[in-house]
Structure formats: structure tokens, C-alpha cells
Amino acid sequence: MIKAVMVMNTQGKPRLAKFYEYLPPEKQQELIRSVFAVLCSRAENVSNFIQAESIFGPDSRLVYKHFATLYFVLVFDSSENELAVLDLIQVFVETLDKCFKNVCELDIVFNYSKIHTILDEIIFGGQVLETSSTEVMKAVEEISKLEAASNSITLIPKSASGWRNR
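Residues numbered from 1 in each chain as written. Predicted model: local features only at pLDDT ≥ 70, side-chain atom pairs only at ≥ 80, totals over all residues. Heavy atoms only, no water.

So, the packing of aromatic side chains
- Tallying each qualifying case throughout the model produces 4 aromatic pairs.
- On the numbers, 5.8 Å between centres and 80° between planes, the contact of Phe67 with Phe72 is edge-to-face.
- You can call Phe67 partly exposed: its relative accessible area is 23%.
- Measuring from ring centre to ring centre gives 6.0 Å for Phe72 and Phe92, while their planes differ by 80°; the resulting arrangement is edge-to-face. On the criterion of sequence distance, the pair formed by Phe72 in strand 5 (residues 70-76) and Phe92 in helix 3 (residues 82-100) is long-range, its members being 20 residues apart. (Phe/Tyr/Trp six-rings, centres within 6.5 Å; stacked < 30°, edge-to-face > 60°. Buried < 20%, exposed > 50% of the residue type's maximum accessible area, 1.4 Å probe, protein only. Helix = DSSP H or I, 4+ residues; strand = E, 2+ residues; numbered from the N terminus.)

A few points about the packing of helix 3 against helix 5 (residues 112-122)
- Packing of helix 3 against helix 5 leaves a shortest axis separation of 11 Å and a crossing angle of 140°. Taken together, the axis directions place helix 3 and helix 5 in an arrangement best described as oblique. Read as a crossing pair, helix 3 and helix 5 show a hand that is right-handed. Packed against helix 3, whose contacting residues are Leu88, Val91, Phe92, Thr95, Leu96, Cys99 and Phe100, the element helix 5 presents Lys114, Ile115, Ile118, Leu119 and Ile122 at the interface. (Axes fitted to C-alpha atoms, helices over the stretch in contact; angles between N-to-C directions. Parallel < 35°, antiparallel > 145°, perpendicular 65-115°, else oblique. Left-handed = near helix turned anticlockwise from the far one by under 90°. Contact = heavy atoms within 4.5 Å.)

What about the UniProt feature "domain: AP complex mu/sigma subunit" (unreviewed entry) in the protein?
- Here the UniProt-annotated "domain: AP complex mu/sigma subunit" (unreviewed entry) positions come out as residues 1-146.
- Within the segment residues 1-146, helix and strand shares are 48% and 24% respectively, and the terminal C-alpha atoms sit 30 Å apart. (UniProt positions renumbered as here; feature names shortened; annotations may be inferred.)

Description of the side chain of Lys18
- As for its placement among the helices and strands, Lys18 is situated in strand 2 (residues 14-19).
- Residue class for Lys18 comes out buried when judged on its relative accessible area of 18%.
- Residues within four places of Lys18 in sequence aside, it is in contact with Lys3, Ala4, Val5, His116, Leu119 and Asp120.

Comments concerning the pairing of strand 4 (residues 61-67)
- Pairing analysis gives 3 bridges linking strand 3 (residues 49-51) to strand 4, with the strands arranged antiparallel. Paired with Phe49 across the two strands is Val63, which belongs to strand 4.
- As paired elements, strand 4 and strand 5 share 7 bridges and run antiparallel to each other. The residue of strand 5 that forms the bridge with Arg61 is Phe76.
- Hairpin connection from strand 4 to strand 5: 2 residues lie between these consecutive antiparallel strands, with Ala68 at a positive phi of about 50°. (Pairing = 2+ DSSP bridges.)

Set out below in C-alpha cells:
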């Protein structure tokens, strides 16, 4: 099971943090700081896999990938395969790239709800739902169409709105 997904910049500011087990906000902030401390102390040429038992408790592992100014981090238990989780990060980043044409930190900051929609199509409730960025993009486009259609619905009939202009 996936325990948490985090995206943070190289200064340690969280840009996305989603925990699939309830933790109070203070504990979440503490965990984010601990993860960043571990990540920034690691050399470039070491493995992207970390035993996270000291941070997240027993049976916890952490996989991360560093792209440009962002760290993408997934925390999970032993029921997940480390290489599959690393590939899942790649799927998430590829989907973001397709959606935002070469994603950057500002895209994550200013498109918060769309990022969560994409993440929810990939991981929901700590379970991996989809591993194809193409399928995720289809679902996100469908959701966007539905949102656009619901935003165009008006509650005032056309005859009433025309009456007001007389």
C-alpha cells in the first residue's frame, strides 16, 4: 500500500503532499521535513530506494526521483515492489508533462486541483489504480470535459434573461 506521495522543491518546500493514512498536520509537516533532510543529505550517485522505518515506522520504504528542481517521493510498505513504485513516479511525471507541456514547479503550484485529479487517477486510497499515462490522460480529459459542461449550465432560462434586457 502507498502511504504517502510528496513533491517538494530543492529548498524543502512541499508542493504536493498526500497521505493515505490519517496523520495530524503537525506530524505530516514533521515527516516532510524528515524526508527532505534525508534526501538532501544523499549523494547523486546512490540508490533512489531508502528504508524509511526510522521516519514512517516499521515496514516502510521510500522511493524518490529528482527531476530539475523537484523531488517526487512515494512512501509505501512491503506489499509494493520498489521498481514498480519507481516506474509509478515516472508515469506520474510523464502524465504531468503531457498535461502541462514540460511540467515545472509553478504548474504544480497553480494547478493544484488538476494535479490531485491526475494523482487520484493513478493512486486512490493508497492503492495503485492505473499505470498507463495514456489512460490517465484520457480520464483527466474526460473529467475536464464534464467540468466544462457543468460550468456552462445556467440556472436562468434564456427567456428570463432576455426579459431582463428589455
